[in-house]
Amino acid sequence: MSRDLTQTSPEAGPSIPSGHFLSLSPSYASPSSSPSVLPSTSSHLSGGLAPNVASLASADFEVDVRTGFLPATRNLTRLPLEWELWESALDAARGTGENGQLRLQGGGEREKLWRAGIETMGVLDTVGLRSSIRLLRRAHLVLTFLLHFYVHTTPVEPTPRTTPLPIPESISVPLLAISPLLGLPPIVTYSDTVLYNFLAPNPSAELSLATNPPTHVITTFTGTKSEEQFYVISALCEIAGAEALKLMRQSLDELFVADEKALKRLAHYLRKLAVQIDRISDITMSLMKSVDPEEFYHLIRPWFRGGDSDGPQSAGWAFLGVDDDAAGTQAENLADRATADGVRGRLFSGPSAGQSICHSYPPSHSITLNHNPVSTNAGIAPAAETPTAPSRPNEATFVQRMLQYMPLAHRTFLLHLSTHPTPLRPLVEHYARTHPKLAEAYDGALEALKRFREKHMRIVSLYIVQQARRRPSERVRQILGHSEADDNEAEEVKIELGEMRGTGGSPLFKFLKRCRDNTTKAMIGRPAGPGFDLS
Ligand code: HEM
């Protein structure tokens, strides 16, 4: 029989203060009904009384010691027969049968027929999905891909849309029922395209960068090699990130002790971390060989667009058959506009690597972390900034917003890390004079992070900025089904950098430049000079 340790009894001795970790439930409790509600952990709730086990990679957080944030169990390639209707609709959209895939903003007979099928399709029950996380993940992926196929094969008239696009109940009801169980919003996320979508060659062997890396993906919008490789390379970065995570974990352990030996080991781990970050950069740059920039920009990226992709004036998507209190209806996600029936549009962003807990936190932000990344300011701020005064609202809101797009367990993990009692940077700063090697190793890790961001900016320049300004090739125009008249109109365009937004909704130029510059500002020693600029 379990004993209530918070009660005073002759055998229990003095009472335990409320909030003590012994009286708290396991690190994260039931998923909230809304993905944007901040998760809580025992350490967080207890106001410091509970031990912070940030250094533990725990199944509780869906973090595996070997695979990091990639699921350690093989991803499902198809849902069981009960949900075959969804899978067949997806096959039809992707053109895996005799017909080709549906076209972006198609509006042709095939697209109309397919959308009519979705509108008349019954609402399938989701109770049976709750028995397994793998089923839930595949169901989220399938339903959100159907959602994006539905939205992006609908012709837009006028442009931009002035009323929210109604999403049929066959998609919206099951999607809004299962999304809160994963803690994800009802839209394609990085988890769907990468974490729940990759396969390794040997299903029975452990996932490993060297011997059994992710090589394939299960579902794409376009069936192109470029799209598959875009996801595979992100998964490879994740598996390399698992190693970086291990080093961060070891470093955090040393922070607890912080004696002479611990400081030496910390420097050693930070040096290894720099090597690992460089490895992630190299993997990222391998995109250049396997992902065609033109295909990426014109054929693949448009499928990712979210309900907020027309900027602040976006009308959003109206999920039919669910009430406004259902998952994800936070004030910031609601558009001003409603359908004729009064259903308000919802504004969610499309997938971005900024949604990856691995890319956006352990190797990067936790090195520079001074304060809570889920509070008012983001964790990427250097020490000189005060935690309560967000001087750079763009990335504060971006990082906070991207938290909503991570699975609940991963968000919880970030929160847990953020309550670590001994942040890294102040400690390194404190010992900088007496232990210059530690400060050097710390700056070395930041240099590697800066190199990553520089290379990433080159990728953004090639894959977005340059493509946006260039007229697509004949081949791509044909795939897009552009008419001669369209072609004559499509001159080279002069797009201002300031107008460009990432799929995560960020003003991409300002955001990426600040991320890069903050990395250097966080260095203890003298930062290196300015580097690559998007232009
Ligand atoms: C064709 C390839 C890629 C393009 C065009 C691209 C584009 C972008 C854009 C536009 C952003 C700004 C945020 C937003 O989405 O609104 C961003 C953020 C980010 N991307 Fe990528 N990305 C690519 C591949 C990758 C890969 C493979 C990684 C893996 C490490 C990655 C890691 C990140 C990170 C960590 C951020 C957050 C900003 C930062 O920490 O610097 N990206 N990306």
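Residues numbered from 1 in each chain as written. Predicted model: local features only at pLDDT ≥ 70, side-chain atom pairs only at ≥ 80, totals over all residues. Heavy atoms only, no water.

By the naming in an unreviewed UniProt entry, the protein chain goes by Tryptophan 2,3-dioxygenase and is assigned to Saitozyma podzolica. Heading Sequence similarities (unreviewed entry) of the UniProt record for the protein chain holds this comment: "Belongs to the indoleamine 2,3-dioxygenase family." (UniProt positions renumbered as here; feature names shortened; annotations may be inferred.)

> Talk me through the confidence of the model for the protein chain; I want residue IDs and the actual numbers.
Chain-level statistics for the protein chain give a pLDDT mean of 79 and a share of 73% at 70 or above. Here residues 19-57 scores under 50 on pLDDT; set against residues more than four positions off or in separate chains, the count is 88 contacts. (pLDDT = per-residue confidence, 0-100. Contact = heavy atoms within 4.5 Å.)

> Which residues make up unusual backbone geometry, and what values go with them?
Although it is not a glycine, Ala-258 adopts a positive phi angle of roughly 50°. Note that Ala-258 resides in the loop between helix 7 (225-257) and helix 8 (260-285). Classification of Ala-258 by relative accessible area gives buried; the value is 19%. (Helix = DSSP H or I, 4+ residues; strand = E, 2+ residues; numbered from the N terminus. Buried < 20%, exposed > 50% of the residue type's maximum accessible area, 1.4 Å probe, protein only.)

> Before we move on, can you summarise the packing of helix 15 (residues 424-431) against helix 16 (residues 436-469) with the specific residues and values?
Relative orientation of the contacting elements helix 15 and helix 16 amounts to 140°, with a least axis distance of 8 Å. Classed by the angle they form, the pair helix 15 and helix 16 counts as oblique. When you trace helix 15 past helix 16, the crossing you get is left-handed. Only Pro-436, Leu-438, Ala-439 and Tyr-442 of helix 16 make contact with helix 15, whose side of the interface consists of Leu-424, Arg-425, Leu-427, Val-428 and Tyr-431. (Axes fitted to C-alpha atoms, helices over the stretch in contact; angles between N-to-C directions. Parallel < 35°, antiparallel > 145°, perpendicular 65-115°, else oblique. Left-handed = near helix turned anticlockwise from the far one by under 90°.)

> Describe the UniProt feature "binding site: heme b" (unreviewed entry) in the protein chain, and please don't skip the residues or the numbers.
UniProt marks His-456 with the feature "binding site: heme b" (unreviewed entry), using the numbering shown here. With respect to the helices and strands, the residue His-456 is situated in helix 16.

> Just give me the short version of the side chain of Thr-193, but keep the residues and values in it.
Inspection of the secondary structure puts Thr-193 in helix 6 (residues 190-195). Here Thr-193 falls in the buried class, since its relative accessible area comes to 4%. Contact partners of Thr-193, with chain neighbours within four places excluded, come to Phe-145, Val-188 and Tyr-231.

> Can you tell me about the nonpolar core, naming the residues and giving the values?
In this structure, Trp-86, Trp-114, Leu-129, Leu-146, Leu-270 and Phe-319 are the most contacted members of the largest nonpolar core, which totals 118 residues. Excluding residues within four positions of it along the chain, Trp-86 makes contact with Leu-79, Met-121, Leu-124, Thr-126, Leu-129, Ala-139, Val-142, Leu-143, Leu-146, Ser-170 and Pro-174. (Core = buried A, V, L, I, M, F, W, Y, C linked by side-chain atoms within 4.5 Å.)

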